[in-house]
Amino acid sequence: MYNRFQEHLQKELTAIDEAGLFKKERIITSPQGAEIKVNTGQEVLNFCANNYLGLSNNPELIKAAKNALDTHGYGMSSVRFICGTGDLHKTLEKKIADFFGTEDTILYAACFDANGGVFEPLLDAEDAIISDSLNHASIIDGVRLSKAQRYRYQNADMIDLEKQLKAAQEQRFRLIVTDGVFSMDGNVAPMDKIFELAKKYDAMVMIDESHSAGVVGKTGRGVTELFNCKGKAEIITGTLGKAFGGAIGGFTTGKKEIIDMLRQRSRPYLFSNSIPPLVAAAGIAVFDMMTRTNELQDRLHNNTAYFYKKMTEAGFDIKPTQSAICAVMLYDAKLSQEFASKLLNEGIYVIGFYFPVVPKDLARIRVQLSAAHTQEHLDKAITAFTKIGKELGVIK
Ligand SMILES: *Cc1c(COP(=O)(O)O)cnc(C)c1O
């Protein structure tokens, strides 16, 4: 049998490659950071990590993790409800709830699991999930696992959301689901209007704050801070794998009864291992840091504003952003790849995105800013963009 299957896979893989969609992985040999080393020996400035606060290689987190290895060992060898709940897990859950102003938190191995395990235990065939068209893949998969009726609205389109809410009035419960920040454009979900519509049409709200927590809002509390509606969402999901240290781990935080039910019924929680104590300990250190200071948010916001201003002045077309994501629009798939490859030769590591990751004719380079970037890093990137932009006729 395998001969035939092998042939089948080889054909598919060739097709992926010929379509120019084959993902190759660059191998990094240094810790994650603003300056990284790759296995060719080249040292580059990294503008494509989710390392928004520069915490991936933070000494305070490393110290907390090392300390936890000594006090709590390496692994839990259990799911949470058997013998996988440690004091560090409980402390971290409490700190995440305090950070978002919610009632309780449940940890998962990843936000992919948090989203995969949130809908099926809570909603049934009588209920409705109303989901933004650009929501993350894990939300889409999670929704598929539930029996609820599905409604989809165009990205951040409040007229369409209202239409879908009207269509879903027959259902018992309604849940609007949205990413806080959409990762390809860097735009935020209009939470003020979403909550207004939720009230008008009697719906609950879930926000995935993976790209917005730690980043958006003056103190990094995410889109509910930006729109002044902290504590209003029934459900918030997020990751420890982006701004909050970048290792691994996800969470759902929100209303007490919802979290209670997830602990009873959420399959990725019940049937998958507890996060290692060292990850929980570093997570605790992150949220302690977030409570102590907004220094990293300030630096990140300044860096993003500076990059956006200088690049716009240089003549680039950048999507308006309310996050740390800047989409430099090129509108041509081949150009986006050539541009990114030339930038790498200049020591700037960014990724060009094109269809099907973004709509046809909306190819772009996505730049992700970090609090770890210095003025010098930013200037080097802007200079390289300007040089290649002129060379390729993107700017004058
Ligand atoms: C990255 C991301 C996830 C997945 O997070 P992991 O913890 O890496 O599984 C889920 N949702 C959104 C919106 C994301 O950006």
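These numbers come from a predicted model, not from an experiment.

Novice: Lay out the packing of helix H14 (residues 333-345) against helix H15 (residues 375-391) with the relevant residues and their values.
Specialist: The interhelical angle for the contact between H14 and H15, taken along N-to-C directions, is 135°, at an axis separation of 10 Å. Taken together, the axes of H14 and H15 lie oblique to each other. The crossing of H14 and H15 is right-handed. Facing Phe 339, Lys 342 and Leu 343 of H14, the residues of H15 in contact are Ala 384, Phe 385, Ile 388, Gly 389 and Glu 391.

Novice: Explain the pairing of strand E6 (residues 174-179) residue by residue, including any values.
Specialist: By the criterion of burial, E6 is predominantly enclosed, with six of the six residues buried. Of the two faces of E6, the one lined by Arg 174, Ile 176 and Thr 178 and the one lined by Leu 175, Val 177 and Asp 179 are each fully buried. With four bridges joining them, strand E4 (residues 128-132) and E6 adopt parallel strand pairing. Considered in E6, the bridge of Ser 131 is made with Val 177. Between E6 and its parallel partner strand E7 (residues 204-208), the chain crosses via helix H8 (residues 191-200), and the hand of that crossover is right-handed.

Novice: Report on helix H13 (residues 295-313), specifying residues and quantitative values.
Specialist: A rise of 1.5 Å per residue sets the reference length of H13, with its 19 residues, at 27 Å; its end C-alpha atoms lie 27 Å apart and thus fit the reference within 8%. Listing the buried residues of H13 in full gives Leu 296, Gln 297, Leu 300, Asn 303, Thr 304, Phe 307 and Met 311. Burial along H13 is one-sided: seen end-on, the buried residues are contained in an arc of 130°. Those residues of H13 that are exposed and angled more than 90 degrees off the buried face are Asn 302 and Glu 313. Packed against the buried residues of H13 are helix H12 (277-292), strand E10 (325-329), strand E13 (364-368) and H15. Once H13 finishes, Gly 315 follows within two positions and takes phi at roughly 105°, a positive value.

Novice: An account of the sheet that holds strand E1 (residues 35-37) is requested, with residue identities and associated values reported.
Specialist: Strand order in the open sheet formed by three strands is E1-E2-E11, with mixed pairing between adjacent strands. The sheet is open, and its two edges are formed by E1 and strand E11 (348-349), each paired on a single side. Relative to E11, strand E2 (residues 43-46) is paired through two bridges, and the arrangement is parallel. Looking at E11, one finds that Leu 45 is bridged to Ile 348.

Novice: Give a detailed account of the sheet that holds strand E8 (residues 235-239), specifying residues and quantitative values.
Specialist: Spatially, E3-E9-E8-E7-E6-E4-E5 is the arrangement adopted by the seven strands of the open sheet, whose pairing is mixed. With partners counted over all chains shown, the strands left at the sheet margins are strand E3 (104-108) and strand E5 (149-153), one partner each. Adjacent strand axes in the sheet meet at a mean angle of 20°, parallel and antiparallel pairs treated alike. Pairing geometry for E4 and E5, over five bridges, is parallel. Bridge pairing in E5 places Ile 129 opposite Arg 150. Of the strands in this sheet, E4, E5 and E6 touch helix H7 (residues 158-167), which is tilted by about 160° from E5.

Novice: Now, about the pattern of salt bridges: what can you tell me, with residues and values included?
Specialist: Here the structure, examined in full by the defined rule, presents 19 salt bridges. Put simply, Arg 174 and Asp 202 hold a salt bridge, and the shortest N to O gap is 3.6 Å. Residue Arg 174 is located in strand E6, and its partner Asp 202 is located in the loop between H8 and E7; the two are separated by 28 residues in the primary sequence. When its relative accessible area of 56% is taken as the criterion, Asp 202 is described as exposed. Here Glu 391 and Lys 342 are joined by a salt bridge, their closest N and O atoms 3.2 Å apart. Here Glu 391 is found in helix H15, whereas its partner Lys 342 is found in helix H14, with 49 residues between them in sequence. Classification of Glu 391 by relative accessible area gives partly exposed; the value is 47%. Members of the salt-bridge network, linked through shared partners, are Arg 80, Lys 90, Glu 93, Asp 104 and Arg 263.

Novice: Please give an account of the domain arrangement of the chain that cites residues and values.
Specialist: When its domains are assigned, the chain resolves into domain 1 (18-47 + 294-391) and domain 2 (59-292). Its C-alpha centre places domain 1 at a distance of 27 Å from the equivalent point of domain 2. On the domain 2 side, the residues contacting the 20 residues of domain 1 number 19 residues. A buried area of about 1500 Å², summed over both sides, lies between domain 1 and domain 2, and 52% of it is on carbon and sulfur atoms. The three residues of domain 1 that bury the most area against domain 2 are Asn 294, Gln 297 and Gln 322, which together make up 36% of that side's buried surface. Counting across the interface, domain 1 meets domain 2 through two salt bridges. Asp 185 is the partner of Arg 364 in a salt bridge, and the nearest nitrogen-oxygen pair spans 2.5 Å. The interface formed by domain 1 and domain 2 includes eight residue pairs in polar contact (both at pLDDT 80 or more). Going through the elements one at a time, H13, E10 and E13 are the ones with two or more residues in the side of domain 1 that touches domain 2. With five residues, the top contributor of residues to the side of domain 1 that touches domain 2 is H13. A class-by-class count of the residues in the side of domain 1 that touches domain 2 yields nine nonpolar, seven polar and four charged.

Reading the values: rules and limits
Residues numbered from 1 in each chain as written. Predicted model: local features only at pLDDT ≥ 70, side-chain atom pairs only at ≥ 80, totals over all residues. Heavy atoms only, no water. Axes fitted to C-alpha atoms, helices over the stretch in contact; angles between N-to-C directions. Helix = DSSP H or I, 4+ residues; strand = E, 2+ residues; numbered from the N terminus. Parallel < 35°, antiparallel > 145°, perpendicular 65-115°, else oblique. Left-handed = near helix turned anticlockwise from the far one by under 90°. Contact = heavy atoms within 4.5 Å. Buried < 20%, exposed > 50% of the residue type's maximum accessible area, 1.4 Å probe, protein only. Pairing = 2+ DSSP bridges. Right-handed = clockwise from strand over helix to strand, strands pointing away. Expected span 1.5 Å × (residues − 1). Arc of directions from axis to C-beta. Salt bridge = Lys/Arg side-chain N within 4 Å of Asp/Glu carboxyl O. Domains from an automatic or database assignment. Buried area = accessible area lost by both parts, 1.4 Å probe. Polar contact = N/O pair within 3.5 Å; in protein donor to acceptor, adjacent residues only side chain to side chain. Nonpolar A, V, L, I, M, F, W, Y, C, P; charged D, E, K, R; others polar.

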